[in-house]
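# Observations on the three-dimensional arrangement
What follows is each chain in one-letter form.
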Amino acid sequence: MILISVIAIIYSIISFKHPKLRMPKIRYAVTFFLCILLAIHLYLDYFRIGSFNSLVLNNFDNSKIVSVMLAKNIDNTKDSTIKSTNDAKTINDLIAYLKQFKLLQYNGNYTSANNYSYDIVFYTNKKDERIGISVTNDKYIDVAVDTTKTYHLLFFNWYNNINSYKSYKIVNSKINSHFLDSVLDSIKD
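Before going into details, it helps to say that this report is about the structure given with it.

About the criteria used
Residues numbered from 1 in each chain as written. Predicted model: local features only at pLDDT ≥ 70, side-chain atom pairs only at ≥ 80, totals over all residues. Heavy atoms only, no water. Core = buried A, V, L, I, M, F, W, Y, C linked by side-chain atoms within 4.5 Å. Buried < 20%, exposed > 50% of the residue type's maximum accessible area, 1.4 Å probe, protein only. Helix = DSSP H or I, 4+ residues; strand = E, 2+ residues; numbered from the N terminus. Contact = heavy atoms within 4.5 Å. Patch = residues over 30% accessible without salt bridge, like charges linked within 9 Å, V, L, I, M, F, W, Y side chains within 5 Å. Areas by Shrake-Rupley, 256 points an atom, 1.4 Å probe, with all protein chains shown as cover. Salt bridge = Lys/Arg side-chain N within 4 Å of Asp/Glu carboxyl O.

This part covers the nonpolar core. Side chains that are nonpolar tend, in soluble globular proteins, to be buried together. Counting 31 residues, the largest nonpolar core has F122, I131, I133 and I141 as the members making the most contacts within it. Those elements giving two or more residues to this core turn out to be α3 (52–55), β2 (65–74), α4 (88–99), β5 (116–124), β6 (130–137), β7 (140–153), β8 (156–170) and α5 (177–186). It is α4 that provides the largest number of residues to this core, a total of five residues. With near-sequence residues (within four places) excluded, I141 lies in contact with F52, L103, I133, S134, V135, K166, S167, Y168, I170 and I175.

Here it is, written out as C-alpha cells:
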C-alpha cells in the first residue's frame, strides 16, 4: 500500500515537470496500472486462502511447539475446563487435525452457533511465541499469532514482531466438537 502511494506521488511530480507525460493516454495507462496494483494488494492482503499450515504455521518455521493449553467455555453456566499438556502425541494430534482445514480469510461478522467455545493455545520453545485459536462457530476460527521473525543482512539482524489477529472461514469442512472434547478428556490433570 505504501509502495503504491509512493509510485503515485512520484508520477504526479514527474508528470508536472515533463510535458510528454501530461498526455491523456499515458496518464490513463499509469492510472490503470496503479489500480491493478491496488487490486492485487487488496486481494492478497484481505482475501487469503490456503491451508492452516500455509497461513498460520509458516510463521513458526524455526520453532518447535512444546506445549498446548485447551479450554472449553460454556456460556450459560460460566463453567470452563482448562487443561495444559506438553505430551507430544496430544500436540501432534491437534496440529494434524487443524492441518486438514482449508481456510479463507474472513473479514465479516459471524454469530456463535453453539453455547460453548474452545480456546487452543500452542506455545513454542521460544519465549513469547504462541498461536491462539478460538472456536466459537464450527465453520469459523479466530487465530492470534505472536512471534518474532529475524532477518539476517550481512552483519545485522533485523527483528520483525508479528502480532496478528485474523478470522478464517473453514471452506472444506467444519470443526468437530466431539474430537476437541475427546482431546480435552485425554489430557490428565
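Having put the structure on the table, let's press on.
As for its position among the elements, N163 is in strand β8. Using a relative accessible area of 61% as the deciding quantity, one classes N163 as exposed. Separated by 17 residues in the primary sequence, N163 and D146 have C-alpha atoms spaced 4.7 Å apart. Ignoring sequence-local partners within four residues, the contact set of N163 consists of V145, D146 and T147.

A few words now on a nonpolar patch on the surface. A cluster of nonpolar residues, L153, L154, F155 and F156, forms a patch on the protein surface that exposes about 620 Å² of accessible area. Relative to the helices and strands, F155 is located in the loop between β7 and β8. Here F155 falls in the exposed class, since its relative accessible area comes to 82%.

Further remarks concern the pattern of salt bridges. Evaluated as defined, the whole model comprises four salt bridges. One salt bridge in this structure joins D93 and K89, with 2.9 Å as the shortest N-O distance. Here D93 pairs with K89, and both are found in helix α4, just four residues apart, close to one helical turn. Given a relative accessible area of 32%, D93 falls into the partly exposed group. As a salt-bridge pair, D138 and K174 come within 3.9 Å of each other at their nearest N and O atoms.

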